[in-house]
Amino acid sequence: MKRYGVSLALGGVFFGIVVAADGCSFNPFEALPYTQAGGIGGSGGTGHMPCEDDGNECTLDEPTGAGQCHAPLVGAPCSGGFCDETAQCKGCLNCTDEVCRPRCDGAPCTSGDQCNSTVCDVSGICCNEVCVGPCHACNHPGMEGVCTRMPDGLQVPGCDAAEACSLMGECSPLGSTVPLGSSCEADSNCASSACRSPYCRVRLDDPCNDDVECISHLCDPTTKLCKPCGGADDATCSMGSVCENGSCKALLGQPCDDSVDCAAGTCLAARGSTSPRSRPQHRAFHTDTSRATWSGKTVPAGSAYPVPE
């Protein structure tokens, strides 16, 4: 049945009436599927049009109070896990709203029931497992949420003053050796058995955060472990350095601490100085109230493991 529209102006207000071809009138307002009681002219209704089903199990197919369609159902169960704030189905969530749970490893938390792993570490993030002891941390930069062993030879709170973390992840007596960041002349001086003059460095395959921490001057950005350069990793040395015998070494004109750092084999004093052209400041491993961590605290060289600003 065809319908024809007619508009009438009464008192400055327009009313629309559709007249059918058979002469019967048709009220278009009666055909509007309002979702709440009242509709237009009723009481208590908003008059919002219904939302079309978008086929996404993580969205609400009814309008919100603001009239928004397809709002994300954060935290709702879905076929692959739980809905996140972008209305995607994920195994865990990386958000911080109270409804945001279960949260992924590395996400902020205040209690274990917020975490997919059920473990809220003392550092305030969800951890993949219970991280016990002073020689393990769940907040290692780049590996947040993964319980990581401290590098061999690192001194941390919780160990005695004459101890450092070992390869076993335990406090171990230093004996005649010195911890990471201390001055050395040979590998045998260091608890880590890795001396790159003038400091004890992190041995290969041990946790790191910065290239200069490593005996090879190369910290893998993905695994956060010290590794040798060479082969496919020849081009991974930082700008201004080159791979030589498994270690990244500084090119001419680059800062150095010792001749061993240099591809040319010599670290010269800067003009007008009696010392090598070393980096002007260092940041070091430092600790928070609960775990050792790696990042930005300036300390005197040798008092902790130094890395450049």
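Please read these numbers as outputs of a predicted model, since none were measured by experiment. (Residues numbered from 1 in each chain as written. Predicted model: local features only at pLDDT ≥ 70, side-chain atom pairs only at ≥ 80, totals over all residues. Heavy atoms only, no water.)

K.L.:
It is not clear to me how the overall build of the chain should be interpreted in this structure. Could you clarify?
P.N.:
Summing up its helical and strand segments, the chain has zero helices and 19 strands in all. When contacts within the chain are restricted to residue pairs at least 6 apart in sequence, those whose partners lie at least 24 apart make up 25%. Taken as a whole, the chain presents about 16500 Å² of accessible surface, with 54% of it coming from carbon and sulfur. (Helix = DSSP H or I, 4+ residues; strand = E, 2+ residues; numbered from the N terminus. Contact = heavy atoms within 4.5 Å. Areas by Shrake-Rupley, 256 points an atom, 1.4 Å probe, with all protein chains shown as cover.)

K.L.:
For this particular structure, what's the right way to read the side chain of Asp121?
P.N.:
Its place among the elements puts Asp121 in the loop between β8 (89–90) and β9 (136–137). At 2.7 Å, the side chain of Asp121 forms a polar contact with the side chain of Ser123. (Polar contact = N/O pair within 3.5 Å; in protein donor to acceptor, adjacent residues only side chain to side chain.)

K.L.:
Would you mind showing me how to read the pattern of salt bridges here?
P.N.:
Oppositely charged side chains may form a pair once their charged atoms are brought near each other. Applying the stated criterion across every chain yields a total of eight salt bridges. Close ionic contact of Arg101 with Glu98 constitutes a salt bridge, the shortest N to O distance being 2.5 Å. The network of salt bridges with common partners includes Glu98, Arg101 and Asp113. (Salt bridge = Lys/Arg side-chain N within 4 Å of Asp/Glu carboxyl O.)

K.L.:
Quick question: what am I supposed to make of the sheet that holds β8 here?
P.N.:
With respect to topology, three strands assemble into an open sheet ordered β6-β7-β8, the strand pairing being antiparallel. Both edges of this open sheet fall to β6 (77–78) and β8, since each of them pairs with a single strand only. With two bridges joining them, β6 and strand β7 (residues 81–83) adopt antiparallel strand pairing. Paired with Pro77 across the two strands is Phe82, which belongs to β7. (Pairing = 2+ DSSP bridges.)

K.L.:
Mind showing me how you'd approach the pairing of strand β15 (residues 241–244) here?
P.N.:
Side-chain direction in a regular strand flips from residue to residue, so the side chains alternate between the two faces of the sheet. Alternating positions in β15 separate cleanly, Ser241 and Cys243 being buried on one face and Val242 and Glu244 remaining unburied on the opposite face. In this structure, β15 lies alongside strand β16 (residues 247–250), joined through four bridges in antiparallel fashion. Its bridge partner lying in β16, Val242 is registered against Lys249. Linkage of β15 to β16, two consecutive antiparallel strands, is achieved through a turn of two residues, within which Asn245 is found at a positive phi near 55 degrees. (Buried < 20%, exposed > 50% of the residue type's maximum accessible area, 1.4 Å probe, protein only.)

K.L.:
What exactly am I supposed to notice about the state of the cysteines here?
P.N.:
By definition, a disulfide is the covalent link that joins the sulfur atoms of two cysteine residues. Going through the model one piece at a time under the given rule, you end up with 18 disulfides. Disulfide pairing places Cys115 opposite Cys126 at an S-S distance of 2.1 Å. Here the disulfide of Cys115 and Cys126 is left-handed, its torsion about the S-S bond being about -80 degrees. Taken together, the positions of Cys115 in the loop between β8 and β9 and Cys126 in the loop between β8 and β9 put the pair eleven residues apart, joining distant regions of the chain. Look at Cys115 and you get buried, because its relative accessible area is 5%. A disulfide-free cysteine, Cys262 has its sulfur positioned 3.8 Å from the sulfur of Cys256, the nearest such atom. Judged by relative accessible area, Cys262 falls into the buried class, the value being 8%. (Disulfide = S-S within 2.5 Å.)

K.L.:
Can you walk me through the confidence of the model for the chain in this structure?
P.N.:
Predicted coordinates in regions of low pLDDT should not be interpreted in detail. Put simply, the chain has an average pLDDT of 77, and 70% of its residues get 70 or more. When the criterion is pLDDT under 50, residues 271–309 qualifies, and its contacts beyond four places in sequence or with other chains add up to 111 contacts. (pLDDT = per-residue confidence, 0-100.)

K.L.:
So what exactly am I meant to see when it comes to unusual backbone geometry here?
P.N.:
With the exception of glycine, most residues fall at negative phi, and the peptide bonds are largely trans. Following Arg101, the chain continues to Pro102 via a peptide bond in cis, the omega torsion being 5 degrees. Looking at the element boundaries, Pro102 is found in the loop between β8 and β9. The omega torsion across Ser197 and Pro198 is 10 degrees, close enough to zero to call that bond cis. Of note, Pro198 is situated in the loop between β13 (195–196) and β14 (199–200). In this model, Ser193 sits at a positive phi of 55 degrees, which is unusual for a non-glycine residue. Inspection of the secondary structure assignment puts Ser193 in the loop between β12 (171–173) and β13. Residue Ser193 is classed as partly exposed on the basis of its relative accessible area, which comes to 43%. Although it is not a glycine, Asn245 adopts a positive phi angle of roughly 55 degrees. Within the secondary structure layout, Asn245 lies in the loop between β15 and β16. Of the residues examined, Asn245 reaches a relative accessible area of 79% and is grouped as exposed.

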